[in-house]
Every structure is written in structure tokens, then in C-alpha cells.
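Structural overview for review
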Amino acid sequence: MSRIPEAFADGPAFVPYLAAGDPDFESSLEYVESLARGGADLIELGLPFSEPIAEGPTIQGAVVRALEGGMTPERFFEFVEALDVDVPLVCMTYYNLIYQYGRRASRGDAERAGGGAASGAVGEPGPEPFVRRAAEVGVDGFVVPDLPAEEADPLREACDEYDRDLVFVVAPTTRGERLERIMERVSGYVYVQARLGVTGARADVSDQTAASLDRLSAWDVPKAVGFGISSGENAREVVTAGADGVIVGSALVDIVAEGVETGAPVEETAARLEAKARELKEGALAGEDVTGSERT
Amino acid sequence: MSSGTFGRYGGQYVPEALMPALEELEDAYERYVLDNEDGFVDEFRERLRDFGGRPTPLQPAEQLSARYDAEVYLKREDLLHGGAHKLNNALGQVLLAKYMGKERIVAETGAGQHGTATAMAAAHLGMPCEVYMGRRDTNRQRPNVFRMRLNGATVTPVDTGRGTLKEAISETMRDWATTVETTHYVIGSVVGPHPFPAMVRDFQSVISEEARGQVRERAGRLPSSVVACAGGGSNTMGAFSAFVPDEGVSLFAVEAGGASLRVDEERGVAPNSASLSTGSEGVLHGARTKLLQDADGQIVESHSVSSGLDYAGVGPELAHLVDEGRVAPVTVDDDAAVEGFHRLSQEEGIIPALETAHAIAWLEDATPEQLGDCVVVCVSGRGDKDLESVVEETAKRDVPNAPDMDVFRGDTR
Ligand SMILES: Cc1ncc(COP(=O)(O)O)c(C=O)c1O
């Protein structure tokens, strides 16, 4: 079973993102664990892809470092296994890695028991082997920024088979039939993109956020807002606007990047991440104090 | 559920923010391009004629005909305004953007030919234009950088990765995801999410529509084969599409074999750009297609002496036609391409783009059975942009048919 509902069960959730393996396997484990200590309710772990078209320069940088540090899909699963945290985990990656894992995995695994209904002939690409392996190591769900609802049925089926969640992004431009298509397929939470563009920390919170949340008010899945949130104050505003969760990536990756640039010891960067996590979590909670009574 | 597929290839794999723009574009494509609403197609044809210089000639190539003992015809897209087939598509898309009420154009470019064509079309139609180009390609193709700027476009170098077309496409998608409400992305080849591959093919198919009529008029018959170079595949699809139903016509897509056809998995490099010949199915830049990738699905860096072919993917329709056996993919390596460049320059008085030189070079490798007795070769572009590269690349290797390049080296320094 996916543990994602637990993250949203009591109060607004703080959902940090880091690229797994940035800048190397061991330090990255420390960094992710420090986020959990700082109050993360759910962690989005990036599995780096060479063409991250939805990411701005900050996360692109993280992806390059992690790839140079040797991160691969198989290492990613080892990373999740090695991780000592007690919160749900979501794998954020691009479709080609999910799709290709099938080709690779089915070579050796064909005779292993329970090949899975969705797996094709040996060597066929497809999402089922990736989801199976992710479920084995304890990944609860997936966000795939280049997989719109129209193309997502094979992955949705694999997620259903292993009781995993599939999170979709709703953008400021998403309207009408597209919203319905997403609503039919989404589970876990919906990722509300706060502004147009690519990922990257910003100083302000867009007023597109409130409009987007409005459009989703009837959905019975938690709404987590991301893209550009960088401070406790931003987090508070987003929750006040009605979000059930706050997703923060670039502002945290910036701390990792600074650590790499200045050659800071891992413990020092981890401590800064923990402090930043605490600030963001507290911001989210402060937002709830204002709106808590009227939230459903 | 997914739309715009060619067999198992194609589709729409883009961030959610872009999906509404693709729906809007699909709608505009159907109304204006397919149904000629508001006379779009008439205006497009008229501008291709008056501004672009269409129709381009189909030239009998006497020296090549003697050399290969077949009637060889050259479809002269190098004589199109801007010096390459790219204008067909750029003009079509910028005009469409105008019909859609968009205010700004973005584009990516590898060889600079697509960027140049887009900058020209945007200036012609009065639209502001920004072109992303890999840093390495800005150095390889400086004349085109100047031309884009002269036409009023902003050229933005991209420093990520190896600084070639792949990175430029990713960066343009990022720009588009930010500005999608007012901006149209003029994609440069038959790649990307639906409806781009079909739409770009339609804009480019004027090449084969003309060539088919011209060869029947000249030779009184259909050709036995059509040969065109394939980067993303727009010139190939343009040169092939009217011939696809003619089962008796063989279609050869010439890919860049680069330095070697093997992938160096250790370094994550394919020293070639032969995704049809050596790639495997995957998802990149909005479409499922044949790609150069490692076993994990990471996209590997491609290589070609010609920046316009230097791309790890290829159009989904072309991938499908290859699977169906309708199009035969073949390769030509860097050395042979440089030789082909010098051959066409000397034998026919046409200095071709290094991309085109791949198609010319393959005539040397082709068997008489493959070519048959009547061959159409698409001269996708002219070589002015490549003169500096050719001086350098010729000096690097032993090219038997090259003039003494030291003479030129002094001139370019
Ligand atoms: C002259 C010329 N030919 C061919 C190409 C390859 O692109 P495509 O395969 O899309 O025609 C380019 C690309 O820049 C080009 O400039």
C-alpha cells in the first residue's frame, strides 16, 4: 500500500524535493535524511534524466552533478533501500527512464516468478518492471513531468497493480476536459504548478496559485503547490490560499549547490538543509492556523 | 488515448503546461493547414513563391549521371531563399502563428539554417523572434549567427551539455513553457510532440510534390530511387512523402555515421547521429521515436561533422517508415561526407551543405541495384555556412579529392 495519505492526514504537508545522488550517493543520503529531521512529511526524490525539460537551471545543475556522481535507475533503487527515513517517498523522473527499465529488467527477470501482467516479451520496453522494482524498495508513488494524462495509461495500470500512486501536475494553463482527464487518473496528491515556466526558486508566490486551487476545489485528493516556493513566508501564503501541501525543490537544491561550490563539510550542508526544512514546515503550519477552521 | 501516432511512434510527451498549447496548435493545424480556412494555404503558397523562390529546379546532373551510370537529378533546395529547405517549414509555421494571433516566435537551431529561415520569415511577417543555439554550434556556424542577427532575431547560446541541437531543443521547450500563452515554438524538423511531426512534414512535402511532377516531365517516368540526408528528418520526409505511395520508388535516408557506428557507453557518447540505423525506441523531446540512448535510457551525446545532423533523435514518422520497410536507412561517415562535399563542388559546381554532402557521398556506396537507373537526390542546402568547418575538417584528414586547403587556412585566420 502507498503511505502517501499519511503525509496529508494531519495538517498541511511539507514536501521537499532533492535529486538522489547529488552530488554523490553518500552525501545525498545525509541530505535527504536531514530533510526528514527538519519535518518533511513526504519526500520527492529525483531520479536524474539527461534531458530534464521541465527544470530550470538550479535543478538542471543537480541532475548533472548526480549523473556525474554515478546515479542510475538501479543505484536509485539502492539509494531508496539505504535511506533511513520514516516518511512516504515519491520518485520524480522522466518517462524514458521508466520505460527503458522494462527492456533491461525483462532480460534477466523473465523467469523470475510473477513477471507481471503488463510486462511484454523479453526486451520490450514498458513501465511495469520499473514500478515493480520501485514498489519492492518502498517507493510510494511517481511524478513524471513529461507524461501527460493522455499518455499515462500504461503507467497508471502498473501503479494500480502494485498499489502505488501516480501524481499529476495541474498547470495554470490546464482547463476544461484536461482537468477531467487528470482527475480520472490522479492519486496520492495533485501537484499544483504555481506559475508557468520551469522549476526555480522565486521570491514571491504567484496569484495564479489561488486561481488554480479554485479550479480544483471539488477534487477529493490533496492539493500540493510547488514551483518557486523558497521561504517559510511563501509556504504560509500557499497554505492560506488553500493548499494541503507545499512542495519545495530549487530552494533546497540551492543549499546543496552552495555546499558543493564552497566545499563545505557534508554535516554543515545537512544542518542548513534541516534548518531550511524546519522554516518551511513551520511556515506551512502557520498558514493552517489562519485557515484551519474552514478547511475540510 | 494518445493522438498523433505513426505506428508505435509519436505522441505527446511534454510538461502539462504545454498540453493546452498543443491542443490549440492541433486545432489551428486542422483548420488552417488541412482545411485551408481563411485561405491560409493559398497565402502560404504565394509567399513561398514570391518570397521563397519556389518552385526550385530539378536539375539533371550530367557529371554524376556519367559517374553512376544512371540518370541523376538534383532537387535544388539550396536555391530556396536562405539557402536550405528549412524555409518551407519556417514560413509555414510563422504564418500559422500569425493566423493564431501569437505575438512572439521562439526556435532552436543546430546548423543555424532553421534559425536563419525562422528569423527571415519572422522579419518578413513582422514578428519578434528568439533563437536558441548550442554554444558549440554558434562557433561552428558563425555566418548563420550573423544572418539571424541581421534579420533582427535574438540569438541565445545554450551552454548545457555538449552545446548542440539536443540542448537547444530542451532550452527552447523551457522558454515555451514559460511564455506559452503568447509565443509559438517553431520546431525545426519533423520531431517533437504531435502535431509538429505531421505539420512540418506537410509544409516540407512541397519538395516531393514538385520533384515528382518535375521528374515525370523531364524523364517521362517516376524515379527508381530518392536519396536525402536525415538529421531530424524534415528534408527526408519532405523529399519522400509524395513518393511513399509509389511502391516502385526506393527511398534512402542517409544518416551521419560520424566517426563510428558504435556507442561508447562508458563516456555516454555515440560518435554518430545514426538514430534510425543504430538507435532504439524511447521518449525524447515530446515523442516516442528511435533514439541514441544507453541501456538505462539516458540520452547519449551524438556526433557529426555537420551540425544539422548532430542530434540523438529522429522524426517518429520516419522511424515508422523504417520499421515498415518503406524507407531504408543508410549511413555515411564524416570522412566520406567531406569527400562528398568536394565532389559535388568540383563535378557539378554546387557547394553543398555538409548535411547534403552525406546524401551525395552515399551515391559512392550505393549498389546499381539500390539506385536503379533514375535517381533524385535532394540538395537540402548550400554550403556557404560550412566553409570554415570544411577548411578545418579537410585539413584534419586525408581527403583524396580536396584542393590544397592551406591556401584557405591563411585566409580565414
Ligand atoms: C542543409 C540542411 N540539410 C539537412 C538538415 C537536417 O535536418 P532535417 O533532417 O530535419 O532536414 C539541416 C539541418 O539543419 C540542414 O541545414
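One can find the structure itself at the top, above this paragraph.
The following paragraphs examine the structure supplied in this document. (Residues numbered from 1 in each chain as written. Chains lettered and ligands numbered in written order. Predicted model: local features only at pLDDT ≥ 70, side-chain atom pairs only at ≥ 80, totals over all residues. Heavy atoms only, no water.)

1. Observations regarding the interface of chain B and chain A
- Counting residues at the interface gives 37 residues for chain B and 40 residues for chain A.
- Taken together, the two surfaces of chain B and chain A that pack against each other cover about 3,300 Å², and 51% of this comes from carbon and sulfur.
- Connecting chain B to chain A are 4 salt bridges.
- The salt bridge involving B:Lys166 is made with A:Glu51; its shortest N-O contact spans 2.7 Å.
- Our enumeration of links across chain B and chain A arrives at 20 residue pairs in polar contact (both at pLDDT 80 or more).
- Among the secondary structure elements, those contributing two or more residues to the side of chain B that touches chain A are strand 2 (9–13), helix 1 (19–34), helix 8 (165–179), strand 11 (280–284) and strand 12 (286–291) of chain B.
- With 7 residues, the single largest contributor to the side of chain B that touches chain A is helix 8 of chain B. (Contact = heavy atoms within 4.5 Å. Buried area = accessible area lost by both parts, 1.4 Å probe. Salt bridge = Lys/Arg side-chain N within 4 Å of Asp/Glu carboxyl O. Polar contact = N/O pair within 3.5 Å; in protein donor to acceptor, adjacent residues only side chain to side chain. Helix = DSSP H or I, 4+ residues; strand = E, 2+ residues; numbered from the N terminus.)

2. A short note on helix 13 (residues 316–323) of chain B
Residues and elements named next belong to chain B.
- Helix 13 sits mainly inside the fold: 7 of its 8 residues count as buried.
- Among the residues making up helix 13, those that are buried are Pro316, Glu317, Leu318, Ala319, His320, Leu321 and Val322.
- Immediately downstream of helix 13, the backbone of Gly325 shows phi near 85°, a positive value. (Buried < 20%, exposed > 50% of the residue type's maximum accessible area, 1.4 Å probe, protein only.)

3. Regarding the side chain of B:Ser189
Residues and elements named next belong to chain B.
- Here Ser189 is to be found in the loop between strand 8 (183–186) and helix 9 (196–204).
- Within the structure, the side chain of Ser189 is placed 3.3 Å from the backbone nitrogen of Gly233, a separation counted as a polar contact.
- Among all residues touching Ser189, those that are not within four sequence positions of it are Val200, Gly232, Gly233 and Ser234.

4. Remarks on the site of the ligand
All names here are of chain B.
- Around the ligand, 18 residues are found, and the nearest of them are Ser189, Gly231, Gly233, Ser234 and Ser380.
- Here a nitrogen atom of the ligand sits 2.6 Å away from a polar atom, N or O, in the side chain of Ser380.
- When grouped by side-chain class, the residues that make up the shell around the ligand number 5 nonpolar, 11 polar and 2 charged. (Near = heavy atom within 4 Å. Nonpolar A, V, L, I, M, F, W, Y, C, P; charged D, E, K, R; others polar.)

5. Some remarks on the pairing of strand 5 (residues 165–170) of chain A
Residues and elements named next belong to chain A.
- When you tally the buried positions in strand 5, you get 6 out of 6 residues, the bulk of the element.
- Residues Asp165, Val167 and Val169 of strand 5 are buried on one face, and the alternating residues Leu166, Phe168 and Val170, pointing to the opposite face, are buried as well.
- Taken together, the 3 bridges between strand 4 (residues 141–143) and strand 5 define a ladder with parallel strand orientation. Within the sheet, the bridge partner assigned to Val143 lies in strand 5 and is Val167.
- Crossover connection from strand 4 via helix 7 (residues 153–161) to parallel strand 5: handedness right-handed. (Pairing = 2+ DSSP bridges. Right-handed = clockwise from strand over helix to strand, strands pointing away.)

6. Here's the deal with the environment of A:Glu267
Residue and element names in this part refer to chain A.
- Position of Glu267 relative to the elements: it lies in helix 12 (residues 266–291).
- On the basis of relative accessible area, Glu267 is assigned to the exposed category, the value being 59%.
- Taking the C-alpha atoms as reference points, Glu267 and Glu30, separated by 237 residues in sequence, lie 7.9 Å from one another.

7. Considerations on the packing of aromatic side chains
- A complete count under the given rule lists 21 aromatic pairs over all chains for this structure.
- Arranged with centres 6.3 Å apart and planes meeting at 15°, the rings of B:Phe40 and B:Phe44 form a pair that is stacked. Of the two residues, B:Phe40 and B:Phe44 both sit in helix 2 (residues 40–50), 4 residues apart, roughly one turn of that helix. The exposure classification of B:Phe40 matches that of B:Phe44, with both residues buried.
- Ring geometry for B:Phe40 against B:Phe203: centres 6.3 Å apart, planes inclined by 45°, an arrangement best described as tilted. With a gap of 163 residues between them, B:Phe40 in helix 2 and B:Phe203 in helix 9 connect regions that are remote in the sequence. Accessibility assignment for this pair places B:Phe40 and B:Phe203 in one class, buried.
- Above the plane of the ring of A:Phe25 lies A:Arg75, whose end atom (NZ or CZ) is 4.0 Å from the centre. (Phe/Tyr/Trp six-rings, centres within 6.5 Å; stacked < 30°, edge-to-face > 60°. Lys NZ or Arg CZ within 6 Å of the ring centre and 35° of its normal.)

8. Comments concerning the packing of helix 4 (residues 86–99) of chain B against helix 5 (residues 113–125) of chain B
All names here are of chain B.
- In contact at an axis separation of 8 Å, helix 4 and helix 5 are set at 40° when each is read in the N-to-C sense. With respect to each other, helix 4 and helix 5 are oriented oblique. Handedness of the helix 4/helix 5 crossing: right-handed. Where helix 4 abuts helix 5, its residues Lys86, Leu87, Asn89, Ala90, Leu91, Val94, Leu95 and Lys98 lie against Gln113, His114, Ala117, Thr118, Ala121, Ala122, His124 and Leu125. (Axes fitted to C-alpha atoms, helices over the stretch in contact; angles between N-to-C directions. Parallel < 35°, antiparallel > 145°, perpendicular 65-115°, else oblique. Left-handed = near helix turned anticlockwise from the far one by under 90°.)

9. A closer look at helix 4 (residues 73–82) of chain A
- Along helix 4 of chain A, the residues that are buried comprise A:Pro73, A:Phe76, A:Phe77, A:Phe79 and A:Val80. Taken down its axis, helix 4 of chain A places every buried residue within 155° of arc, on the same side. (Arc of directions from axis to C-beta.)

10. Digging into the sheet that holds strand 6 (residues 129–134) of chain B
All names here are of chain B.
- Read across the sheet, 4 strands follow the order 7-6-5-8 without closing on themselves; strand pairing throughout is parallel. Either end of the sheet is taken by a strand with one partner, and the two such strands are strand 7 (154–158) and strand 8. Strand-to-strand twist in this sheet, taken as the mean axis angle between neighbours without regard to direction, amounts to 25°.
- Two elements, strand 6 and strand 7, share 5 bridges in a ladder whose sense is parallel. If you follow Glu130 over to strand 7, its bridge partner there is Thr154.
- Contacts from helix 4 reach strand 5 (104–109) and strand 8 within the one sheet, and its direction differs from that of strand 8 by about 165°.

11. As for the pattern of salt bridges
- If you walk through the whole model with that rule in mind, you get 59 salt bridges over all chains.
- Of the charged contacts in the structure, one is a salt bridge between A:Arg181 and B:Glu23, with a shortest N-O distance of 3.6 Å. Here A:Arg181 is found in helix 8 (residues 176–185), whereas its partner B:Glu23 is found in helix 1 on a different chain.
- Here B:Asp175 makes a salt bridge to B:Arg104, at a shortest N to O gap of 2.8 Å. Remark: B:Arg104 occurs in strand 5 and B:Asp175 occurs in helix 8; sequence separation between them is 71 residues.
- Under the relative-accessibility criterion, B:Asp175 is labelled buried at 10%.
- Put simply, A:Glu150, A:Glu177, A:Arg178, A:Arg181, B:Glu16 and B:Glu23 are held in one network by salt bridges that share partners.

12. Some words on the packing of helix 14 (residues 334–348) of chain B against helix 15 (residues 354–365) of chain B
Residue and element names in this part refer to chain B.
- The geometry of helix 14 relative to helix 15 is characterised by a closest axis approach of 7 Å and an angle of 90° between their N-to-C directions. Considering their axes alone, helix 14 and helix 15 lie roughly perpendicular with respect to each other. Contacts from Ala336, Ala337, Gly340, Phe341, Arg343 and Leu344 in helix 14 reach Leu354, Ala357, His358, Ile360, Ala361 and Glu364 in helix 15.

13. Re the sheet that holds strand 4 (residues 71–76) of chain B
Residues and elements named next belong to chain B.
- Here 6 strands make up an open sheet; going across it, the order is 3-4-14-9-10-13 and the pairing mixed. The sheet is open, and its two edges are formed by strand 3 (58–60) and strand 13 (327–333), each paired on a single side. On average, adjacent strands in this sheet sit at an angle of 25° to one another, irrespective of strand direction.
- Looking at chain direction, strand 9 (residues 225–229) and strand 14 (residues 374–379) are connected through 3 bridges and run parallel. Note on strand 14: the bridge partner recorded for Ser225 is Val375.
- Packed onto the sheet, helix 14 meets strand 3, strand 4, strand 10 (250–258) and strand 13 and runs at close to 90° relative to strand 13.

What is shown is where atoms sit, not what they do.
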